[in-house]
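Per-entry structural report
Read off the chains here:
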Amino acid sequence: MDIISLKNVSKSYKGLTLFQHVNLNVEKGKIYGIVGPNGSGKSVLFKMICGFVFPDEGTIIVNGVEIGRSKRFPENIGIIIDRPGYIPNKTGFQNLKELAMIRGKISDNKIFETMEMVGLQPTAKQKVKHYSLGMKQKLAIAQAIMEDQQILILDEPFNALDAESVNNIRRLLLAFKNEGRTILLTSHNQEDIDILCDYVFRINNYKLEPIVSVKS
Ligand SMILES: Nc1ncnc2c1ncn2[C@@H]1O[C@H](COP(=O)(O)OP(=O)(O)OP(=O)(O)O)[C@@H](O)[C@H]1O
């Protein structure tokens, strides 16, 4: 069964057409890349899949649940879209802890492990308002993965990361895929797309056009 499916999805903003009758079936345990120029609708597509905005027509089903009908936010989905709103006067750990308390699923230890995994020091006393851009990005990645979310929707996950961190996060994402997690990502860096993605779609003419099937 497809873990995400879009059926006949259309979306416009006041005369700006982004998508017209788009269909997409996402297989579990694969990495999908969505590419397209600035303003082509990549983030809007991800927001629709996450239930943050609704399509004008069509349906989106995530994990068997139609978005916008029975419940608004899909369960078990890790998201990086836009800059997350952190509490500036708290440390990275404290910020993640606040988020973890919403679901109450994970221990402090798991937050520690996740911070180390993405290259942040969990015991650092530095407040997030003093974090560099790359550190904020790592925190965003940490919140998206720390609860072992099975679907990851990652809009530009490599933004602001140094080369070593990019390699680390790429390795992490490939390991998640091997565990059966499903990842949708965007990147303006073709190398990220080539290395990571099983399937790539380009937004073209208001549709998702398959451009390459690198590893299947
Ligand atoms: N809430 C909104 N109201 C009106 N227009 C919007 C809204 N959200 C997005 N748009 C418009 O939709 C278009 C697509 O935006 P989107 O952020 O999805 O582009 P993108 O492909 O992610 O671009 P980039 O590569 O620059 O990140 C843009 O023209 C944007 O201004």
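Heads up: these notes are all about the structure in this document. Since the model is a prediction, treat every value here as computed from it, not as a measurement.

1. Focus: the overall build of the protein chain
In terms of helices and strands, the protein chain carries 6 helices and 10 strands. Taking 17 Å as the expected radius of gyration for a compact globule of 216 residues, we find that the protein chain reaches 17 Å, a close match to that expectation. Across the 216 residues in the protein chain, those meeting the buried criterion constitute 38%. Contacts in the protein chain between residues at least 24 apart in sequence constitute 63% of all its contacts with a sequence separation of at least 6.

2. As for the site of the ligand
Looking at the ligand, the residues that line it are Tyr13, Leu16, Leu18, Gly36, Asn38, Gly39, Ser40, Gly41, Lys42, Ser43 and Val44. For the shell around the ligand, the secondary-structure elements that each account for two or more residues are strand S2 (16-27) and helix H1 (42-50). Top element by residues in the shell around the ligand is H1. It accounts for 3 residues. Residue composition of the shell around the ligand, grouped by class: 4 nonpolar, 6 polar and 1 charged.

Definitions and cut-offs
- Residues numbered from 1 in each chain as written.
- Predicted model: local features only at pLDDT ≥ 70, side-chain atom pairs only at ≥ 80, totals over all residues.
- Helix = DSSP H or I, 4+ residues; strand = E, 2+ residues; numbered from the N terminus.
- Rg over C-alpha atoms; globule rule 2.2 N^0.38 Å.
- Buried ≥ 20, exposed ≤ 12 C-beta atoms within 10 Å, placed from the backbone.
- Contact = placed C-beta atoms within 7 Å.
- Near = placed C-beta within 6 Å.
- Nonpolar A, V, L, I, M, F, W, Y, C, P; charged D, E, K, R; others polar.

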